[in-house]
Amino acid sequence: GSDWRETLARCLAELPEGGGETLGFVYVGDAFAGDLAAIAETLREETGVPDWLGTVGLGICATGQEYFDAPAIAVMLCDLPSGSYRIVETGETPGRALDDAATAWSETKRPPFGVVHVDPRNPQAAELVDDLSAASGAFLVGGLASSRAGHPQIAGRMTEGAVSGVLFSDQVAVATGLSQGCAPIGDYHEITASERNVNESLDGRPALEVFMEDIGDLLSRDLARAAGYIHAALPTAGSDTGDYTVRNLVGIDRA
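Every chain begins its residue count from 1, and numbering advances along the sequence as written. The predicted origin of the model limits local features to residues at a pLDDT of at least 70 and limits the giving and counting of side-chain atom pairs to 80 or more, whereas totals for whole chains, interfaces and linings rest on all residues. Heavy atoms throughout the structure, all of them, feed into the side-chain values; hydrogens and water do not.

**Student:** Which residues make up the overall build of the protein, and what values do they have?
**Tutor:** Think of it this way: any DSSP run of H or I at least four residues long counts as a helix, any run of E at least two long counts as a strand, and we number them from the N terminus. Counting its secondary structure elements, the protein contains seven helices and 16 strands. Each principal axis of the C-alpha atoms in the protein carries an extent, and together these give about 65 × 45 × 35 Å. The buried label applies to any residue whose accessible area, calculated with a 1.4 Å probe on protein chains only, is under 20% of its type's maximum; exposed applies above 50%, and partly exposed to all values in between. Here the protein, with 255 residues, has 34% of them falling under the buried criterion. Residue contacts are counted whenever heavy atoms from the two residues lie within 4.5 Å of one another. Counted over contacts in the protein with a minimum sequence separation of 6, partners at least 24 positions apart contribute 73%. Note on areas: Shrake-Rupley, 1.4 Å probe, and residue coverage restricted to the protein chains presented here. For the protein, the computed accessible surface area is about 15100 Å², with 50% contributed by carbon and sulfur atoms.

Below is the structure:
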């Protein structure tokens, strides 16, 4: 919807009745970036849920629906045991990822998992995520805020410029998935000789030779580095949009 109040009212109307939820997630399209503080406050008042997390994106997802470059709001409520999560926020420079209270909670709960949001404008963002992972011991998932306007985050309160999110204790069961952004390089190739998962030739030529031509001279000189950048793309049969499934390279045998 074009108006955040109307859009949020539609979100609230779809939430299940019952109450008792303790934690909420909210994501907004960047058309509503400047309204995120008001949206979060309205959600607290209308739902009674005290703790909220979220940020802004050029595209956001709701149940079975993607909204890209459109004014939209997605909301999720969680009913979690008391003391099973901790909202965290780092400073804008590496060094100390957790304050005293969060450190004490992490030492007691030893959280295995966390969800974080990162400000992409911070040149030390990767170090901040590493700091938080090391300080908490948690496996972190999440993503970058993306916006043509501001990059606000919610971590109990409004913030930006660093990393914020939530850590979960082992009382909270989670399942994770991986979404990768990849672009195809080179041409399509036919596997013309293989043994189990080892491709020996592509288009009737040695597979490694074809691979190195596609990835270019720079990466060809350091194939170990290429493993982090290059993946195998398997075309989806019957797709009319050129879809493909991405798989990691397990290894390279020069012989």
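Past the structure itself, the notes keep going.
**Student:** Please provide a residue-by-residue account of the sheet that holds strand 9 (residues 153-155), values included.
**Tutor:** Paired through their backbone hydrogen bonds, the strands of a sheet run either parallel or antiparallel. By this definition, two strands are paired if DSSP reports at least two bridges between them. One open sheet accounts for five strands, arranged 5-1-2-9-10; its pairing is mixed. Two strands close off the open sheet at either side, each with one partner strand: strand 5 (73-78) and strand 10 (158-159).

**Student:** Give a description of the sheet that holds strand 13 (residues 198-202) that names residues and reports values.
**Tutor:** If you walk across this open sheet you meet the three strands as 12-13-14, and the pairing is antiparallel. With partners counted over all chains shown, the strands left at the sheet margins are strand 12 (191-195) and strand 14 (205-206), one partner each. The sheet contact formed by strand 13 and strand 14 spans two bridges and is antiparallel. Looking at the pairing, Ser 201 lines up with Pro 206 of strand 14.

**Student:** Lay out helix 1 (residues 4-14) in plain terms, naming residues and giving numbers.
**Tutor:** Inspection of helix 1 places Trp 4, Thr 7, Leu 8 and Cys 11 among the buried residues, and these make up the whole buried set. Taken end-on, helix 1 shows its buried residues confined to a sector of 95 degrees, consistent with a single buried face. In helix 1, the exposed residues that point more than 90 degrees away from the buried face are Arg 5 and Ala 13. Buried residues along helix 1 sit against helix 2 (36-47) and strand 5. The arc under discussion is defined with respect to the helix axis, by the directions toward the C-beta atoms.

**Student:** Break down unusual backbone geometry for me, with residues and values.
**Tutor:** Most peptide bonds are trans, and most residues other than glycine sit at a negative phi. Phi is positive for Arg 196, close to 55 degrees, though the residue is something other than glycine. Turning to its location among the elements, Arg 196 is positioned in the loop between strand 12 and strand 13. Arg 196 sits in the exposed class, given a relative accessible area of 82%. Although it is not a glycine, Asp 203 adopts a positive phi angle of roughly 55 degrees.

**Student:** Lay out helix 4 (residues 125-136) with the relevant residues and their values.
**Tutor:** Helix length check: helix 4, at twelve residues, gives a terminal C-alpha distance of 17 Å against a target of 16 Å (1.5 Å per residue), a fit within 8%. Listed as buried for helix 4 are Ala 125, Leu 128, Leu 132 and Ser 136. The arc that holds the buried residues of helix 4, viewed along the axis, is 60 degrees, so those residues lie on one side. The exposed residues of helix 4 that point more than 90 degrees off its buried face are Ala 126, Asp 130 and Ala 134. Lining the buried residues of helix 4 we find strand 6 (85-89), helix 3 (100-109), strand 7 (113-118), strand 8 (139-144) and strand 11 (163-168). Remark: Gly 137 follows helix 4 within two positions and exhibits a positive phi of approximately 75 degrees. Multiplying 1.5 Å by the residue count of a helix minus one yields the expected span of that helix.

**Student:** Go over the nonpolar core, please, and point to the residues and values.
**Tutor:** By convention a nonpolar core is built from buried Ala, Val, Leu, Ile, Met, Phe, Trp, Tyr and Cys residues, the set being connected through side-chain atoms within 4.5 Å. Formed by 17 residues in total, the largest nonpolar core has its most connected members in Leu 8, Val 26, Val 28, Ile 39 and Ile 73. Every element with two or more residues in this core is listed here: helix 1, strand 1 (23-29), helix 2 and strand 2 (51-57). Excluding residues within four positions of it along the chain, Leu 8 makes contact with Ile 39, Thr 42, Leu 43 and Ile 73. One finds Ala 97, Ala 125, Leu 132 and Ala 138 within the second-largest nonpolar core, a separate group that totals 15 residues.

**Student:** Report on the side chain of Ser 84, specifying residues and quantitative values.
**Tutor:** Relative to the assigned elements, Ser 84 resides in the loop between strand 5 and strand 6. Sequence-distant contacts of Ser 84, defined by excluding residues within four places in its chain, comprise Trp 105, Leu 167, Phe 168, Ser 169, Gln 171 and Val 172.

**Student:** Talk me through the pairing of strand 13; I want residue IDs and the actual numbers.
**Tutor:** Regular strands place side chains that alternate from one sheet face to the opposite one. Of the pairings in the sheet, the one linking strand 12 to strand 13 comprises four bridges and is antiparallel in character. The residue bridging Ser 194 from the neighbouring strand is Asn 199, located in strand 13. Linking strand 12 back to strand 13 in an antiparallel pair, the connection comprises two residues, with Arg 196 at a positive phi of about 55 degrees. The antiparallel pairing of strand 13 with strand 14 creates a hairpin that spans two residues between the two strands, and Asp 203 there sits at a positive phi of about 55 degrees.

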